[in-house]
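# Coordinate inspection notes
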Amino acid sequence: MRTLLVTLGVVAVVLIVLGLLLKALKWLLILGVVALIASIVLGVVKGRRALR
């Protein structure tokens, strides 16, 4: 009985940590996409300034 409770506790902790990591990865992915778009826009703006 005790090993069952310990196993359930470990599984619960692993699931909680995985949930937090997936949320963090989602936000990091969103921030990465925003940074990529910003760098592309800045590159285009600086490229147009260089052509003038």
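Residues numbered from 1 in each chain as written. Predicted model: local features only at pLDDT ≥ 70, side-chain atom pairs only at ≥ 80, totals over all residues. Heavy atoms only, no water.

Per the UniProt entry, the sites bearing "transmembrane region" (unreviewed entry) are residues 29–45 in this numbering. Within the segment residues 29–45, helix and strand shares are 100% and 0% respectively, and the terminal C-alpha atoms sit 24 Å apart. (UniProt positions renumbered as here; feature names shortened; annotations may be inferred. Helix = DSSP H or I, 4+ residues; strand = E, 2+ residues; numbered from the N terminus.)

Our next topic: a positive patch on the surface. On the surface, Lys46, Arg48, Arg49 and Arg52 cluster together into a positively charged patch. Tracing the chain through its elements places Arg49 in helix H1 (residues 2–51). Judged by its relative accessible area of 63%, Arg49 falls in the exposed class. (Patch = residues over 30% accessible without salt bridge, like charges linked within 9 Å, V, L, I, M, F, W, Y side chains within 5 Å. Areas by Shrake-Rupley, 256 points an atom, 1.4 Å probe, with all protein chains shown as cover. Salt bridge = Lys/Arg side-chain N within 4 Å of Asp/Glu carboxyl O. Lys, Arg positive; Asp, Glu negative; His and termini not counted. Charge placed at Lys NZ, Arg CZ, Asp CG, Glu CD. Buried < 20%, exposed > 50% of the residue type's maximum accessible area, 1.4 Å probe, protein only.)

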